[in-house]
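Letter by letter, the chains look like this.
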Amino acid sequence: MTFTLAVPPAAPDVAAAHFLARLSVQTDVSDVHADLTARTPGLVVVDSRGVAAWAQGRLPGAVHLPTAEIAARAPEEIPAGTAVVTYCWGPGCNGATRAALEFARLGIPVKEMLGGFEYWVREGLPVETESGLTRRPVDDLTAPTKATCDC
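Residues numbered from 1 in each chain as written. Predicted model: local features only at pLDDT ≥ 70, side-chain atom pairs only at ≥ 80, totals over all residues. Heavy atoms only, no water.

Undergrad: Talk me through the sheet that holds strand β4 (residues 83-87); I want residue IDs and the actual numbers.
TA: Spatial ordering of the open sheet is given by β1-β5-β4-β2-β3, a layout of five strands whose pairing is parallel. Sheet topology places β1 (26-28) and β3 (63-64) at the edges, where each strand pairs with a single neighbour. In this structure, strand β2 (residues 43-47) lies alongside β3, joined through two bridges in parallel fashion. Within β3, the residue paired with Asp 47 across the bridge is His 64. (Pairing = 2+ DSSP bridges. Helix = DSSP H or I, 4+ residues; strand = E, 2+ residues; numbered from the N terminus.)

Undergrad: Kindly report on the pairing of β4, identifying the contributing residues and their values.
TA: For β4, the buried fraction is high: four of the five residues fall into the buried class. With five bridges connecting them, β2 and β4 associate as parallel partners. In the strand pairing of β4, Val 45 is matched with Val 85. For the segment spanning β4, helix α5 (residues 95-105) and strand β5 (residues 110-114), crossover handedness is right-handed. (Buried < 20%, exposed > 50% of the residue type's maximum accessible area, 1.4 Å probe, protein only. Right-handed = clockwise from strand over helix to strand, strands pointing away.)

Undergrad: Describe unusual backbone geometry, naming the residues involved and giving the relevant values.
TA: Positive phi, normally seen in glycine, also occurs at Arg 39, with a value near 55°. Structurally, the position occupied by Arg 39 is in the loop between α2 (29-37) and β2. Classification of Arg 39 by relative accessible area gives exposed; the value is 71%.

Undergrad: Residues and numbers for the nonpolar core, please.
TA: For soluble globular proteins, nonpolar side chains are generally found buried alongside one another. Val 32, Val 45, Leu 59, Tyr 87, Met 113 and Trp 120 are the most contacted members of the largest nonpolar core, which has 14 residues in total. Within the residue set of this core, elements represented by two or more residues are α2, β4 and α6 (116-122). The element that contributes the greatest number of residues to this core is α6, accounting for three residues. Among residues more than four places away in sequence, those in contact with Trp 120 are Val 29, Val 32, His 33, Leu 36, Leu 59, Pro 60, Met 113, Leu 125, Pro 126 and Val 127. Leu 65, Val 84, Ala 99 and Ala 100 belong to the second largest nonpolar core, which has 12 residues in total. (Core = buried A, V, L, I, M, F, W, Y, C linked by side-chain atoms within 4.5 Å. Contact = heavy atoms within 4.5 Å.)

Written out as structure tokens, the structure reads:
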């Protein structure tokens, strides 16, 4: 007996629709880093964590907009015509999902960054603090240390 195939795979057209739908609402740390580095226009990265978490460090250039404040502040702080990427602590937290839902309800195009701040830090990407930019060593369980995954 096979556990993997106990439920047969979806038909290719069903699978394609499913994966396209996921990619339309999710992005990952590597893609966000590439877009921030390239200063891609029309993109705002939003940290939906609280004040204490924000103070510990955040993505460079991120806007601090805790989930509870999105409905009131987003119309003033998010330029019209931009897309938003939300993040929170990490994959065990659904704060970024809740924040993304708030933006969607406001009619703002939005994606959630998978892995959140945790995976950003674990991949050795730059973190902004009041003292400036810092980086932690790459965690080889989450990011390749000698090559890229080329995915």
